[in-house]
Amino acid sequence: MASSPSGSNSNFDSGLEIKTRSVEQTLIPLVSQITTLINHKDKPKKSERTLAAIHRVGQAVSVAVGRFVAVGEAIAVENQELKDEMGQACFEARRAGDAIAQLTDVGSAVPFQSDGRVTVFSDRTGMVKAARLLLSSVTKVLVLADRIVIKQIITSRNKVLVTLDHLERVSTFQEFVQIFSQFGNEMVEFAHLTGDRQNDLKDEKKKARMAAARAVLEKCTMMLLTASKTCLRHPDCESARINKDGVFHRMRCALEQVIEIVTEARSFGDSKILPASIYNGIKDFKSSVESLRENLYSMLPQNLSSQLEALVERTEDFTDSAYTSHEQRQAILALCQLVRQDTQQLVHAWVEAQSAHAKEAPEDMELSILKTCQSTNDLRRELHKVAVCRTSDLLKVHGEQLPLRALKASGAEGKLEAVTEYSRTLTEQKEQLVEACRLLCHVSGTEPLEITCIHAEETFHVIGPQIISAAQTLALHPSSKIAKENLEVFCEAWESQLCDMALLLREINDVFEGKRGGSESMCKHTANLKTPKAVKLDAEEQTSIAKLGLELRLLSSDVDAEVEKWEEQEQDVVRQSQSLASMAYSMYLFTRLTVLHQIMHTTLKYCCASYWPLLSWRSIEILLKTLLCICSKSHSAMRWTFPTMSINGVFTGEIKN
């Protein structure tokens, strides 16, 4: 039976770490065949059937290696920077494949004198060496090929950065529309490359960090659109400029984080190390306590006490919080004191056992170990309860979105003082949510969930001030529909993050309770109805639809912007154009949710679940193009001041790179 390459993060004697699942899965069949050859029964006599089987396996390995090497050599030709390394790896792989073929060749086997049977593998050491050389060289070829994927991501990021710089410097709507269309295409390409990379990564922490960075880019793309348009419409507004600068800065940070993940680089030293969580502290402390059963002399008593004090110090994030109730604070402090007492008793029994030169933990020490672990578990349970209850209460209180509603209303009425007052309320709410994320991080239970908590904390910390600057801009320009739309976009991002936090809370609870598949169960609760199986789209189809949707949003948004210029906004052509543009984008969003993401809210399921999932990707694309025609006709009817954008070219994603 073949051993999986994933067993111990093996590098097959090559000094190369396998970081992606695709490389790992490619190696598994080869490992299986090589294992079959090496683990043959060590008998001097072999039947013709056995010899034929061994010969077939050896020849199959040789042929497969030959084809594999041909692909590697073609890659080397197209990528000169890898030519030397790839050439050497391919040479070694071919040589190893030929050696295995020769060692398994029945024609070269030694005949046995008495019964005419033959013996193979007279050079067993040579077979093992050839197998190791083959595995190491093939692994090296795959890892080198993986560098090309990384290079593609870096190249795509660089293209996005260049276009992002151009977007930041535009001074006219016409130029902005043209560059944003290009930016949308480049972002779709970058999203696909990074999405594939995220799914391919073996390291769960890296996958979580990649997911967080990609979520920032996805949400910031729409913010960038509205913030830039607001700044263009109100170029002298300082709050609009601050709002726009914040979006551009966050996008650049997210792009840089993606590159740090795929290249394993560090821009600011070791700044990406996760903060020490209470969960990890408790796990390490319990591990140290329980290890005393096996070895009484593995560590010093002072080290265990120091480890406990470091753990207790981390609980100060709970006890020092102004939002922690007196009862909760007292319960945490009491449990910390109990853990200290149990640990002191353990240390006392431990020292006595060492003085008696005991070889194993005596009965009183075993009892102290059990009591210390139990009190530590009680502390963890109480901290989890406090963090979860705090977050649940906050989500209930802030679910009504009262500060956001007040900011929208005050901004639309031009009440700058009221905006300032409600901004303080939102800032306080932001601080509460940031602290809740920090507490959840302490009790999250897994490193990927810790990373998700940190991402949520950063999101609330950044979006809060951006909502305030968008509200200030609207208050200064209450008749500006672009400023109103911009504030709506940032408020939607805030609400979306609250929903994400609720899902995160459920996952943390599932981990704490020992449930498996917490994220899967969250999807199942909305799938009570049996619906037709949705069509699975390939990368090209998704790219085409994503481009159409992004450009449709841009055009429908520009229809609203153009309406502002009309003095008689009650004219039928103006109202119909605006409603058609809004309807077109709403239909795209609905289609995107039901067909592409296969996520339906209960009300939508009862209405449309029997029809929409049956649409093919081609039907959706035709629908979007039709909606684009509607928008284009609308903007023609209003004598659009921007250059005409037909469904051919930019809006169909057919522009040549």
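If you look the protein chain up in an unreviewed UniProt entry, it shows as Alpha-catulin from Gouania willdenowi. Among the UniProt annotations of the protein chain, the heading Sequence similarities (unreviewed entry) holds the following wording: "Belongs to the vinculin/alpha-catenin family." Database annotation for the protein chain, UniProt heading Subcellular location (unreviewed entry): "Cytoplasm".

Asker: Got a minute to help me understand the overall build of the protein chain in this structure?
Answerer: When helices and strands are counted, the protein chain shows 21 helices and 2 strands. Here the protein chain holds 657 residues, and 46% of them are scored as buried. For the protein chain, the share of sequence-separated contacts (at least 6 apart) that also reach a separation of at least 24 residues comes to 77%. If you sum the accessible surface of the protein chain, you get close to 32900 Å²; carbon and sulfur atoms cover 53% of it.

Asker: Looking at this structure, how should I read helix 8 (residues 278–291)?
Answerer: Within an α-helix, residues lying three or four positions from one another point in the same direction, as the helix has 3.6 residues per turn. Over its 14 residues, helix 8 extends 20 Å from the first C-alpha to the last, a length consistent with the 20 Å expected when each residue adds 1.5 Å. The set of residues buried in helix 8 consists of Ile278, Tyr279, Asn280, Gly281, Ile282, Phe285, Ser288 and Val289. Next to the buried residues of helix 8 lie helix 9 (301–314), helix 10 (316–319), helix 11 (326–355), helix 12 (363–398), helix 14 (416–443) and helix 15 (447–476).

Asker: Even after reading the chapter, I still don't get the nonpolar core, so can you show me in this structure?
Answerer: A general trend in soluble globular proteins is that nonpolar side chains are found buried together. Phe183, Leu224, Leu304, Phe318, Met365, Ile467 and Trp494 are the most contacted members of the largest nonpolar core, which has 104 residues in total. Contacts of Phe318, omitting those with residues within four sequence positions, involve Ile278, Thr324, Ile332, Leu383, Val386, Ala387, Leu439, His442 and Val443. Formed by 24 residues, the second largest nonpolar core is a distinct cluster that contains Val69, Cys90, Ile100 and Met127.

Asker: What am I meant to see in a negative patch on the surface here?
Answerer: Residues Glu313, Glu316, Asp317 and Asp320 make up a contiguous surface patch of negative charge. Residue position: Asp320 is located in the loop between helix 10 and helix 11. The exposed category is assigned to Asp320, whose relative accessible area is 59%.

Asker: Got a minute to help me understand the packing of aromatic side chains in this structure?
Answerer: Two aromatic rings are characterised by how far apart their centres lie and by the angle between their planes. In the structure shown here, the tally under the stated rule is 3 aromatic pairs. Considering the side-chain rings of Phe460 and Trp494, the 5.2 Å spacing of their centres and the 70° angle between planes classify their relative orientation as edge-to-face. Here Trp494 lies in helix 16 (residues 481–512) and Phe460 lies in helix 15, a separation of 34 residues in the sequence. Accessibility assignment for this pair places Phe460 and Trp494 in one class, buried.

Asker: Can you walk me through the pattern of salt bridges in this structure?
Answerer: Here the structure, examined in full by the defined rule, presents 22 salt bridges. The residue Glu435 makes a salt bridge to Arg390 at a minimum N-O spacing of 2.8 Å. On the criterion of sequence distance, the pair formed by Glu435 in helix 14 and Arg390 in helix 12 is long-range, its members being 45 residues apart. The exposure class of Glu435 is buried, given its relative accessible area of 15%. Where Arg438 meets Glu457, a salt bridge forms, and the shortest distance between an N and an O atom there is 3.1 Å. Of this pair, Arg438 sits in helix 14 while Glu457 sits in helix 15; the two residues are 19 residues apart in sequence, bridging distant segments of the chain. One network of salt bridges, with partners in common, ties together Asp165, Glu168 and Arg252.

Asker: Sorry if this is basic, but what is going on with the environment of Gly464 here?
Answerer: Following the sequence through the fold, Gly464 ends up in helix 15. Exposure remark for Gly464: the relative accessible area of 3% places this residue in the buried category. The sequence separation of Gly464 and Cys491 amounts to 27 residues, and the corresponding C-alpha distance is 9.1 Å. In this structure, Gly464 is in contact with Leu426, Lys430 and Trp494, ignoring residues within four places of it in sequence.

Asker: Looking at this model, I keep getting lost on the side chain of Ser321. Mind explaining?
Answerer: Along the chain, Ser321 falls in the loop between helix 10 and helix 11. Among the polar contacts made by the side chain of Ser321, one reaches the main-chain amide nitrogen of Tyr323 at a distance of 3.1 Å. Engagement of the side chain of Ser321 in a polar contact is seen with the side chain of Glu435, the distance being 2.4 Å. Setting aside chain neighbours within four positions, we find Ser321 in contact with Glu316, Arg329, Arg390 and Glu435.

Asker: Help me understand the packing of helix 14 against helix 16 in this model?
Answerer: To describe two helices that pack against each other, one gives the angle between their axes and the distance between the axes. Where helix 14 contacts helix 16, the axes come no closer than 12 Å and their chain directions differ by 25°. Taken as axis vectors, helix 14 and helix 16 run roughly parallel relative to one another. Where helix 14 crosses over helix 16, the handedness of that crossing is left-handed. Listed contacts from helix 16 to Leu426, Gln429, Lys430, Leu433, Ala436, Cys437, Leu440 and Val443 of helix 14 are Trp494, Leu498, Met501, Leu505 and Ile508.

Asker: It is not clear to me how helix 7 (residues 238–263) should be interpreted in this structure. Could you clarify?
Answerer: The terminal C-alpha atoms of helix 7, which comprises 26 residues, lie 38 Å apart, in line with the 38 Å expected from a rise of 1.5 Å per residue. In the stretch just after helix 7, Glu264 is the one whose phi turns positive, near 55°.

Asker: What exactly am I supposed to notice about the environment of Asp200 here?
Answerer: With respect to the helices and strands, Asp200 occurs in helix 5 (residues 173–200). Using a relative accessible area of 16% as the deciding quantity, one classes Asp200 as buried. Once residues lying within four places of it in the same chain are set aside, the contact partners of Asp200 are Lys19, Thr20, Arg21 and Ser22.

Asker: Teacher, can you tell me more about the confidence of the model for the protein chain here?
Answerer: The predicted structure's coordinates, where accompanied by low pLDDT, should not be read in detail. The share of residues in the protein chain with pLDDT of 70 or more is 69%, and the mean pLDDT across the chain is 75. The spread of mean pLDDT over the elements of the protein chain runs between helix 20 (residues 602–608), the lowest at 34, and helix 15, the highest at 94. Considering only residues more than four positions removed or in separate chains, one finds that residues 517–536, a stretch of pLDDT under 50, has 28 contacts. Note that residues 588–624 has pLDDT below 50 and, in this model, 62 contacts with residues that lie over four places away or in other chains.

Asker: Looking at this structure, how should I read the environment of Glu363?
Answerer: Structurally, Glu363 can be placed in helix 12. Sequence separation between Glu363 and Ala349 is 14 residues; the distance between their C-alpha atoms is 9.5 Å.

Asker: Quick question: what am I supposed to make of the packing of helix 15 against helix 16 here?
Answerer: In the contact formed by helix 15 and helix 16, the axes pass within 9 Å of each other and the chain directions differ by 160°. Between helix 15 and helix 16, the angle falls in the class roughly antiparallel. Pair helix 15 / helix 16 crosses with left-handed handedness. Of the residues in the contact of helix 15 with helix 16, the class split is 20 nonpolar, 8 polar and 2 charged.

Thresholds, definitions, all that
Residues numbered from 1 in each chain as written. Predicted model: local features only at pLDDT ≥ 70, side-chain atom pairs only at ≥ 80, totals over all residues. Heavy atoms only, no water. UniProt positions renumbered as here; feature names shortened; annotations may be inferred. Helix = DSSP H or I, 4+ residues; strand = E, 2+ residues; numbered from the N terminus. Buried < 20%, exposed > 50% of the residue type's maximum accessible area, 1.4 Å probe, protein only. Contact = heavy atoms within 4.5 Å. Areas by Shrake-Rupley, 256 points an atom, 1.4 Å probe, with all protein chains shown as cover. Expected span 1.5 Å × (residues − 1). Core = buried A, V, L, I, M, F, W, Y, C linked by side-chain atoms within 4.5 Å. Patch = residues over 30% accessible without salt bridge, like charges linked within 9 Å, V, L, I, M, F, W, Y side chains within 5 Å. Salt bridge = Lys/Arg side-chain N within 4 Å of Asp/Glu carboxyl O. Lys, Arg positive; Asp, Glu negative; His and termini not counted. Charge placed at Lys NZ, Arg CZ, Asp CG, Glu CD. Phe/Tyr/Trp six-rings, centres within 6.5 Å; stacked < 30°, edge-to-face > 60°. Polar contact = N/O pair within 3.5 Å; in protein donor to acceptor, adjacent residues only side chain to side chain. Axes fitted to C-alpha atoms, helices over the stretch in contact; angles between N-to-C directions. Parallel < 35°, antiparallel > 145°, perpendicular 65-115°, else oblique. Left-handed = near helix turned anticlockwise from the far one by under 90°. pLDDT = per-residue confidence, 0-100. Nonpolar A, V, L, I, M, F, W, Y, C, P; charged D, E, K, R; others polar.

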